[in-house]
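Residue strings, one per chain:
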Amino acid sequence: QRQVDVTRPGFPFSLGTVHPIKRIQAEIEEVFVHLGFEVLDLPGTYSLTSYSPEERVAQDELLSGTADVVVAVVDATNLRRSMVLATQLMQFDVNLVLCLNMADEARKSGQHLDLELLEQLLGVPVVETISYRGVGVENLKEAISRAAESPRPSSRRLVLGQRLNEALGAIE
């Protein structure tokens with residue numbers, strides 16, 4: 001069985017509430033379970049550094065290498081904080097789809113996100129969503145399907161700069 005991990009940084013849930021992200025997850029599950037995928041909803045985390053048991057669960061699963069695709073649902077209004085997890089996953093050659101949620105709020109605050117340029121620079125599919133309205137879910141499904149069909153080549157690792165890459169190369 002193929003696996004899609006869905007992680008979303010910093011979105012705690014309490015029992016009895018249905019967060020908008022849960023709606024997106026339900027729609028993803030509805031489609032991908034029928035295609036033979038197992039969809040895992042991981043605890044929210046901002047990075048692969050684990051400080052809590054929940055973050056350790058997410059970290060262990062994300063680094064296990066068992067997922068065919070990992071969808072990182074990040075806050076588009078706070079990319080500086082949200083991109084830490086995405087860049088860490090890219091360093092570990094995870095087959096990543098980046099989902100920029102709250103795209104409407106990002107635009108309201110004056111941000112303009114060039115999705116094509118982000119995809120080109122990061123080498124991973126990038127999709128905007130507005131989870132509470134269900135906007136962008138179809139594009140997200142398509143991006144997950146594309147990523148599952150043609151995984152990102154390991155040669156497309158995130159480039160951190162020549163000096164840092166040389167230092168990491170000396171360690172590896």
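Residues numbered from 1 in each chain as written. Predicted model: local features only at pLDDT ≥ 70, side-chain atom pairs only at ≥ 80, totals over all residues. Heavy atoms only, no water.

Counting secondary structure elements, the protein chain contains seven helices and five strands. Counted from the first residue to the last, the protein chain has its helices and strands arranged as β-α-β-α-β-α-β-α-α-β-α-α. Within the protein chain, buried positions represent 42% of all 172 residues. In the protein chain, the share of contacts with a sequence separation of at least 24, taken over all contacts with a separation of at least 6, comes to 74%. In the structure as shown, the protein chain presents an accessible area of about 9400 Å², 52% of it carried by carbon and sulfur atoms. (Helix = DSSP H or I, 4+ residues; strand = E, 2+ residues; numbered from the N terminus. Buried < 20%, exposed > 50% of the residue type's maximum accessible area, 1.4 Å probe, protein only. Contact = heavy atoms within 4.5 Å. Areas by Shrake-Rupley, 256 points an atom, 1.4 Å probe, with all protein chains shown as cover.)

Attention now moves to unusual backbone geometry. With a phi angle near 65 degrees, Met 102 is a residue other than glycine that sits in the positive phi range. In this structure, Met 102 sits in the loop between strand S4 (96-101) and helix H4 (103-108).

The subject of this paragraph is the pairing of strand S3 (residues 69-75). The buried count for S3 comes to seven of seven residues, which makes it a mostly enclosed element. Going residue by residue along S3, you find Val 69, Val 71, Val 73 and Asp 75 tucked away on one face and Val 70, Ala 72 and Val 74 tucked away on the opposite face as well. Pairing between S3 and S4: six bridges, direction parallel. Residue pairing in the sheet places Ala 72 in a bridge with Leu 98 of S4. (Pairing = 2+ DSSP bridges.)

The subject of this paragraph is the pattern of salt bridges. All chains considered together, the criterion is met by four salt bridges. Two residues, Glu 128 and Arg 107, come together in a salt bridge whose shortest N-O distance is 3.1 Å. Pair noted here: Glu 128 is in strand S5 (residues 126-129) and Arg 107 is in helix H4, with a separation of 21 residues, a long-range link. On the accessibility criterion, Glu 128 (19% relative accessible area) is buried. Judged by relative accessible area, which is 45%, Arg 107 ranks as partly exposed. One salt bridge in this structure joins Glu 138 and Lys 141, with 3.1 Å as the shortest N-O distance. (Salt bridge = Lys/Arg side-chain N within 4 Å of Asp/Glu carboxyl O.)

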